[in-house]
Amino acid sequence: MKRIEGSVCAPKGYSAAGVHCGIRANQAKKDLALIVSDKIANAAAVYTSNLVKGAPLLVTKENLADGKARAVICNSGNANTCNANGIEVAETMAKLTGDVLGIPAGDVVVASTGVIGQPLPVERIEAALPDLAGMLRPEGQADAARAILTTDTVAKEVAVEFTLGGRTCRLGGIAKGSGMIHPNLATMLVFLTTDAAISSQMLQKALSTDVRKSFNMVSVDGDTSTNDMVVILANGMAGNPEITEENEDFATFMQALNTVTVCLCRMIAGDGEGATKLLQCIVTGASDEKTAKIVAKSVICSSLTKAAMFGADANWGRVLCAIGYSGAQVDVHKVDVAFRSAEGIIEVCSMGAGVDFSEEKAKQILLAPEIDILVELNSGAFGATAWGCDLTYDYVKINGDYRT
C-alpha cells in the first residue's frame, strides 16, 4: 500500500476535465466537472440523511439502482435543491452528458453543490458540455477537482496503489467540503475511482462500512448538507480476480479505500470554513466502539472546544464538558486528557481532575496547525478518531453573506 500522485485518473481507464460554464459569477473559477471511465464500471454510493435532498441525489440514486455507471457530471455554485423543476434539470444534465459521450443517461452520476433554492441554468451546462467532453484526458483530474469546489480554499486529491491477486491496482479520489459539514451516512461531495475488479454488491458493502469510520467522523459546523454524496466507480481494468466475497483481497481493498477516505477527511476538516487548525480527537480505552465514536464526535463538534483551540487556550474543561453531555455512558472520574502537536505533548487532566501544567508549553503546542486531542477513558480496549477544525471569526464572515 503506497501513496501515489494523482486522484481519480490515477487508476487505469479514467479521464476527467473541468471548465467554467457560467454558473459561478467569477470566471476565474471552474464550475463544471466531468469524470469518465473507458468502460462501464460497477458503482456504489451513500447519500445524506437530511430529509431535504438535492434533486441530483434522487436522480443519481435511481441511475445507480443497477449498480452500474460510467460518468460523473458535477456543477458547483448552485445546489439544484428546493427547486420546482429540480428533478427535470438533474435528469436533463444526465441526458445531455450521456448524449455527448454516447452512453445511456442512466449510466451518469449527477451532482450539484452551492446555493440552495436558486434555479439552475442548465442551458449553460448544455452549451459547455461539448467542449468539456473534448477536454477529457488523464491529466484533467486537477481541473475536475477544482471545478467541484465552493468555499473550499484548496483542491482535495489523493490516490494509492496496492496489489490484488498479483495485479497492481489503484484507487483515487477528489472531494469538496468546507462548510455545512456534519455527515450522517455520507458527507460533502466525494468521487472515488478504482481499476480494481469488485462486484457492485461488495463495493457497496465496502463503502457503507468505511464511511462509518471515515466521513461520518468529520464535522466542521454541525450542519448536515442537502447534497452530500459519496460515489465510487470500479471498472476492473487492473485485471485482478473479481472480489465477490469477504476474503483477503476484500480486506486489502478495504484498507486501500480507508487510506484514501481518511486522507480526504483530514483535508476536508483542515479546510473548514475560516479554519486555521486541523483538530483530531483520538479516543482510547472505551468500553465499546460506539462509545468511543460518540465521545470523539462530541469533542470535535463542541463549539467551545473549537473556539478554545482557535485561541490556543488549553481549556481542557471544554473537552470534559463535551464528553459529559455526549450521551455516552462514561465514568468521567476515569478520564485523562492531553493535547499533542508537532511541538510536543502535554497532559492537562487525569482521572477527571486537572493536573499542574505549563500554560506556556500548552500554548506553544496549541499554536500548531494540526492538534491532537487525546482522550483516554480507561474503561476498555476500544477507540475511535474524529476530525474537525477550530471555530474562527471568519466562519461567521463567510456564512454571513454566502448567498449574496
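For the structure, see preceding data.
Because the structure is predicted, anything quoted here is derived from the model rather than measured. (Residues numbered from 1 in each chain as written. Predicted model: local features only at pLDDT ≥ 70, side-chain atom pairs only at ≥ 80, totals over all residues. Heavy atoms only, no water.)

A.B. asks: Explanation requested: the packing of aromatic side chains in the structure shown.
C.D. replies: Aromatic ring pairs are described here by two measures, namely the spacing of the ring centres and the angle between the planes. Under the criterion given, the structure shown has two aromatic pairs. Look at Phe162 and Phe253: their rings are 6.4 Å apart centre to centre, the planes differ by 70°, and that puts the pair in the edge-to-face class. Here Phe162 is found in strand β6 (residues 156-164), whereas its partner Phe253 is found in helix α6 (residues 248-270), with 91 residues between them in sequence. The class for Phe162 is buried, based on a relative accessible area of 3%. Judged by its relative accessible area of 0%, Phe253 is buried. (Phe/Tyr/Trp six-rings, centres within 6.5 Å; stacked < 30°, edge-to-face > 60°. Helix = DSSP H or I, 4+ residues; strand = E, 2+ residues; numbered from the N terminus. Buried < 20%, exposed > 50% of the residue type's maximum accessible area, 1.4 Å probe, protein only.)

A.B. asks: Looking at this structure, how should I read the sheet that holds strand β12 (residues 344-350)?
C.D. replies: In a beta sheet, neighbouring strands are held together by backbone hydrogen bonds and run either parallel or antiparallel to one another. The sheet built from six strands is open, its strands ordered β13-β12-β11-β14-β10-β15 with mixed pairing. For this open sheet the edge positions go to β13 (353-354) and β15 (382-389), each flanked by a neighbour on one side alone. Pairing of strand β11 (residues 336-341) with strand β14 (residues 370-376), which is carried by five bridges, proceeds in the antiparallel orientation. By the bridge assignment, Ala338 is partnered in β14 with Leu374. Contacting β10 (278-286), β14 and β15, helix α7 (residues 289-301) crosses the sheet at an angle of about 20° to β15. Running at roughly 120° to β12, helix α10 (residues 359-366) makes contact with β11, β12 and β14 of the sheet. (Pairing = 2+ DSSP bridges. Contact = heavy atoms within 4.5 Å. Axes fitted to C-alpha atoms, helices over the stretch in contact; angles between N-to-C directions.)

A.B. asks: Can you walk me through the pairing of β11 in this structure?
C.D. replies: The element β11 is extensively covered by neighbouring structure, given that five of its six residues are classed as buried. The sheet contact formed by β11 and β12 spans five bridges and is antiparallel. Residue pairing across strands places Val337 opposite Cys349, the latter belonging to β12. Hairpin geometry of β11 and β12 is characterised by an intervening segment of two residues between the two adjacent antiparallel strands.

A.B. asks: Explain the side chain of Asp336 to me, please; I cannot follow it from the model alone.
C.D. replies: By the secondary structure assignment, Asp336 is in strand β11. Although Asp336 is buried, it makes no salt bridge; Lys334 carries the closest opposite charge, 11 Å away. A polar atom in the side chain of Asp336 sits 3.1 Å from the side chain of Asn378. Contact partners of Asp336, with chain neighbours within four places excluded, come to Cys349, Ser350, Met351, Leu374, Val375, Glu376 and Asn378. (Lys, Arg positive; Asp, Glu negative; His and termini not counted. Salt bridge = Lys/Arg side-chain N within 4 Å of Asp/Glu carboxyl O. Polar contact = N/O pair within 3.5 Å; in protein donor to acceptor, adjacent residues only side chain to side chain.)

A.B. asks: Would you mind showing me how to read the pattern of salt bridges here?
C.D. replies: Once the charged atoms of two side chains with opposite charge are near each other, the side chains can pair. One pass over the full model with this rule turns up 12 salt bridges. Between Lys2 and Glu161 there is a salt bridge, and its shortest N-O distance comes to 3.6 Å. Of this pair, Lys2 sits in strand β1 (residues 2-4) while Glu161 is found in strand β6, placing the two residues 159 residues apart along the sequence. By relative accessible area, Lys2 is classed as partly exposed at 48%.

A.B. asks: I would appreciate a short explanation of the nonpolar core in the present structure.
C.D. replies: Residues Phe253, Phe339 and Val375 are the most contacted members of the largest nonpolar core, which totals 75 residues. It is α6 that provides the largest number of residues to this core, a total of 11 residues. Not counting residues up to four positions away in its chain, the partners in contact with Phe253 are Phe162, Leu164, Leu171, Thr194, Ala196, Ile198, Leu203, Ala206, Ile232 and Ile243. (Core = buried A, V, L, I, M, F, W, Y, C linked by side-chain atoms within 4.5 Å.)

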